[in-house]
Amino acid sequence: MINLTVDNKEVTVEPNSTILEAASKVNVNIPTLCFSDDLTVYGGCRLCVVEVEGSDRLRPACNTRAREGMEVKTHSPRVREVRKTLFELIIASHDISCELNCLICNRQNSCQLKDVAEDIGISRMCLTPGADEERESDHSSHSVVREPNKCINCARCIRKCEEIQGVGVFAQASRGPETKVTTFKDRGMGNVECTNCGQCVVSCPTGALHEVYHMDQVWESLYDEQKHVIVQTAPSVRVALAESFGEEPGTIATGQMVAALRRLGFDRVFDTNFTADLTIMEEATEVVNRVTNNDNLPVLTSCSPGWIKYIEHFYPDYLQHLSSAKSPQQMFGAVAKTYYAENAGIDPEDLVVVSIMPCTAKKFEASRPEMNDDVDYVLTTREAARMLKSVGVDVCNLEPEKYDEMLGVSSGAGDIFGASGGVMEAAVRTAYNMITGVNLQEIEVTPVRGLEGLKSAEIPVTDDLTLKVGVAHGLNNAGIMMEKIKAGEEFHFVEMMACPGGCISGGGQPINTERSWREVREKRIAGLYDIDENKELRLSHENPKIQKLYEEFLQEPGSSKAHKLLHTEYVTRGVPGT
Amino acid sequence: MQKEDTDILLEMAHDIQDTYGYIPEKEIAELAEKLSESRATIYGALEFYSMFYTEPTGKYIIRICDSISCYMNNSNEVLEAVQDYLKLEAGETSDDKLFTLEVVECLGHCGEGPVMMVDDRLHTQISPGRAVEILSKLH
């Protein structure tokens, strides 16, 4: 162990700890900007510099190791002066002072530049912003917009995309003041192998990356008397929306959210969980058939649109392994525009289907030609929060209300879709029943839960069949899992989620600048399992509204009508030049 | 990227550029594959060095230095003369794909400015007239 002092406080840390880690142990907050607890250390912004007794040069706390007897001063006059100058230089590359654009920035409440300015005690701004030329925004993607004028070159998006997602669509190009973050040959995010996962958005400290907004189109529909506007809410939204209203991560606000969306003016408030149950019925049927017939195993899940685009680019040879089942969002759209429209006596032309998703890739998914405009607009959790705030709805203080029944009843299996391993667990609960005719005694499949990057489990089903399942989350892990499969490791069924931890930390979720990624993910996941545990209905195949939907409309899981409406195809995209 | 990979990348990139005159997209993808990097990373690395080209250039690349020593020795007059002669702005390639004209940072001959480089050949203490004369012999 190593003993040192930070601001005269004694602290003992493990060998190889950094000064930053030592300081946090004694609750000394050193400002950081390019540092992120889930990424490799970059040491680029230099804001974390500290004074070390006996050393002339200031040291960056993020990549300087603590040594025995070190005396560190984190907020000495010299350090504070240097930090202010560094911050000014950073701000000079960030289009902040003109036209009061902080007021309209998407990060008005989660701007890390503002946090750091406060931490440093900034009291002057002498430099004029250095961007001599207006740099054009990148609107080429269906999911994500880049505004390079707000980019401060911290490279967090680059590292996130490479290290956590294993994709690498961004790089720094040119030198010196001309250095910029860009895509391959400046093509734009919509024209390269971007998966639309939006992890770059949630790792950006400024407003340089944000989702493609659908808010205006949704307002327009809500104000249009002719339109019947219905909304679906994804599992992970209910355990994250309250964060935008000041609550802890993982706060369950299902009923309050439903009440809030009614106030916003939606004609019906439905649940994506309902079609998560439907997805399980279709997907489990497919898994049972394919396992029985040894047909293209393992079956790979298909509900994460970031993962889908990833496999289309990087492993197109394995597309026939994907389940053909559409994602819950798209199943909802398909059922709404047929079954619901028929029952409610509404012309599908006048029906507007809006989803609220923790995801930016869902915007791209809804625009895929295979999906026939079943879902009209996709709002991220963040956009939904902004819309609610702008009409003065304080979500957390509303009386909870229930979803509208027809497409609003769901099992706990639907809720846990938002956590890594949840789709697998939900599917196993139902597949087991489909094969054996009885329910699992212990329905909680705990080995597939949690934040371990790669998980697997063996579930004994019959004397002849032990189901071997795998789970990966974060696209880098998905890539590792694909390499295992390529190398011959055998699974029956593998769940892949684009985002680390699953949809609960999707690219469309509230950005928490106060807490570590791990804590935010764990709390949101705990929220979902809490909902499942406290629900009476925990098995998709026991959902009475799903049973009714099959009886009245779809016949049975895997029927030709179900296939036409609820299943889809994939596209070989590859990476040009390889 | 690891340091060894960067070294290898630069060597391979030079070879490719010697073959094609620039680094075509397909070759960038191959470099990425060989070094287990993304296309964007390789592109970013190549863009760092101004003498790597990711788009086709003219048959001859004319570089005129405008760093401080050359500038004080009237490199701007050389540039103007060359621009007038080639009917090109800096950064452009002629329609017949014969010339690419560039204004560059220091070429390492500050005591002998202004300097102009034609492909690998350096011309020092050059006058506007001499610059045009050299180019006229290239057609």
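None of the values given here were measured: they were computed from a predicted structure.

1. Digging into the overall build of chain B
In terms of helices and strands, chain B carries six helices and four strands. Along its sequence from the N terminus, chain B presents helices and strands in the succession α-α-α-β-α-α-β-β-β-α. Projecting the C-alpha coordinates of chain B onto the three principal axes gives extents of approximately 50 × 35 × 20 Å. Sorting the 139 residues of chain B into buried and exposed places 27% on the buried side. Long-range pairs, those at least 24 residues apart, make up 60% of the contacts in chain B with a sequence separation of at least 6.

2. Observations concerning the interface of chain A and chain B
The partner chain B presents 14 residues to the 17 residues of chain A that form the contact. Ranked by the residues each element gives to the side of chain A that touches chain B, the list is headed by strand β7 (residues 170–173) of chain A, at four residues.

3. Some thoughts on the nonpolar core
Grouped together as the largest cluster of nonpolar side chains are 174 residues, with contacts concentrated most on A:Leu241, A:Trp307, A:Met424, A:Ala427 and A:Val428. The element best represented in this core is helix α8 (residues 272–292) of chain A, accounting for nine residues. Ignoring any residue separated from it by four or fewer positions in sequence, one finds A:Met424 in contact with A:Val445, A:Val448, A:Val469, A:Val471, A:Phe493 and A:Glu495. Core analysis: the second largest hydrophobic core is formed by 14 residues, B:Ile62, B:Cys70, B:Phe99 and B:Ala131 among them.

4. Side note on the domain arrangement of chain A
We note that the domain assignment places domain 1 (2–91), domain 2 (144–209) and domain 3 (216–566) within chain A. Computed over C-alpha atoms, the centres of domain 1 of chain A and domain 3 of chain A are 42 Å apart.

5. Things to note about helix α7 (residues 254–264) of chain A
Residues and elements named next belong to chain A. Residues Thr254, Gln256, Met257, Val258, Ala259, Ala260 and Leu261 constitute the buried set of α7. Turning to α7, the residues buried within the fold contact β10 (228–233), β11 (268–271) and α12 (381–390). Among the residues trailing α7, glycine 265 stands out with phi positive, at a value near 115°.

6. A word on the pairing of strand β15 (residues 454–460) of chain A
All names here are of chain A. With seven bridges connecting them, β15 and strand β16 (residues 466–473) associate as antiparallel partners. Across the sheet, leucine 454 pairs through a bridge with alanine 472, a residue of β16. A loop of five residues connects β15 with β16, the two strands running antiparallel in sequence.

7. Structural notes on the sheet that holds β10(A)
Across a sheet, strands are paired by hydrogen bonds formed along the backbone, either parallel or antiparallel in direction. Residue and element names in this part refer to chain A. Read from one edge of the open sheet, four strands run β11-β10-β13-β14, paired in parallel fashion. The sheet is open, and its two edges are formed by β11 and β14 (377–380), each paired on a single side. Pairwise comparison of adjacent strand axes, ignoring direction, gives a mean angle of 25° for this sheet. With four bridges connecting them, strand β13 (residues 351–357) and β14 associate as parallel partners. Residue pairing across strands places methionine 357 opposite threonine 380, the latter belonging to β14. Across the sheet, α8 touches β10, β11 and β13, and the angle it forms with β11 is around 35°.

8. Describing the packing of helix α2 (residues 77–92) of chain A against helix α3 (residues 112–120) of chain A
Residues and elements named next belong to chain A. One way to put it is that α2 packs onto α3 with a least axis distance of 10 Å and a crossing angle of 160°. When the axis of α2 is compared with that of α3, the two are roughly antiparallel. Considering how the two elements wind past one another, α2 and α3 form a crossing that is left-handed. Residues Arg83, Lys84, Phe87 and Ile91 of α2 touch α3, and the partners they reach there are Leu113, Val116, Ala117 and Ile120. A per-class count over the contact of α2 with α3 returns six nonpolar, no polar and two charged.

9. Some thoughts on the sheet that holds strand β2 (residues 99–104) of chain B
Residues and elements named next belong to chain B. Ordered in space as β2-β1-β3-β4, the four strands form an open sheet in which the pairing is mixed. Edge positions in the sheet fall to β2 and β4 (121–123), since each has one partner strand and no second. Across the sheet, the axes of successive neighbouring strands diverge by a mean angle of 20°, strand direction being ignored. One ladder, built from six bridges, connects strand β1 (residues 60–65) with β2; its direction is parallel. Within the sheet, the bridge partner assigned to isoleucine 64 lies in β2 and is valine 103. The strands touched by helix α5 (residues 75–86) within the sheet are β1, β2 and β3 (116–118), with β1 carrying the most contacts at an inclination of about 155°.

10. Comments concerning the confidence of the model for chain B
In regions of low pLDDT, the predicted coordinates are not meant to be interpreted in detail. Confidence along chain B averages 93 in pLDDT terms, with 98% of residues attaining 70 or more. We note a pTM of 0.89 for the whole complex and an ipTM of 0.80 for its interfaces.

11. Focus: the domain arrangement of chain B
When cut into domains, chain B gives domain 1 (3–48) and domain 2 (60–136). Computed over C-alpha atoms only, the centres of domain 1 of chain B and domain 2 of chain B are separated by 28 Å.

12. Concerning the environment of B:Leu138
Secondary-structure assignment places B:Leu138 in the segment after α6 (128–136). Distance from B:Leu138 to B:Ile28, taken between C-alpha atoms, is 31 Å for residues 110 residues apart in sequence.

13. Observations regarding the packing of α5(B) against α6(B)
Residues and elements named next belong to chain B. Between α5 and α6, the least distance of the axes is 8 Å, while the angle of their chain directions is 35°. Here the hand of the crossing between α5 and α6 comes out right-handed. Packed against α5, whose contacting residues are Glu77, Val78, Ala81, Val82, Tyr85 and Leu86, the element α6 presents Pro128, Ala131, Val132 and Leu135 at the interface. Class assignment of the residues belonging to the contact of α5 with α6 gives a composition of nine nonpolar, no polar and one charged.

About the criteria used
Residues numbered from 1 in each chain as written. Chains lettered and ligands numbered in written order. Predicted model: local features only at pLDDT ≥ 70, side-chain atom pairs only at ≥ 80, totals over all residues. Helix = DSSP H or I, 4+ residues; strand = E, 2+ residues; numbered from the N terminus. Buried ≥ 20, exposed ≤ 12 C-beta atoms within 10 Å, placed from the backbone. Contact = placed C-beta atoms within 7 Å. Core = buried A, V, L, I, M, F, W, Y, C linked by C-beta atoms within 7 Å. Domains from an automatic or database assignment. Pairing = 2+ DSSP bridges. Axes fitted to C-alpha atoms, helices over the stretch in contact; angles between N-to-C directions. Parallel < 35°, antiparallel > 145°, perpendicular 65-115°, else oblique. Left-handed = near helix turned anticlockwise from the far one by under 90°. Nonpolar A, V, L, I, M, F, W, Y, C, P; charged D, E, K, R; others polar. pLDDT = per-residue confidence, 0-100.

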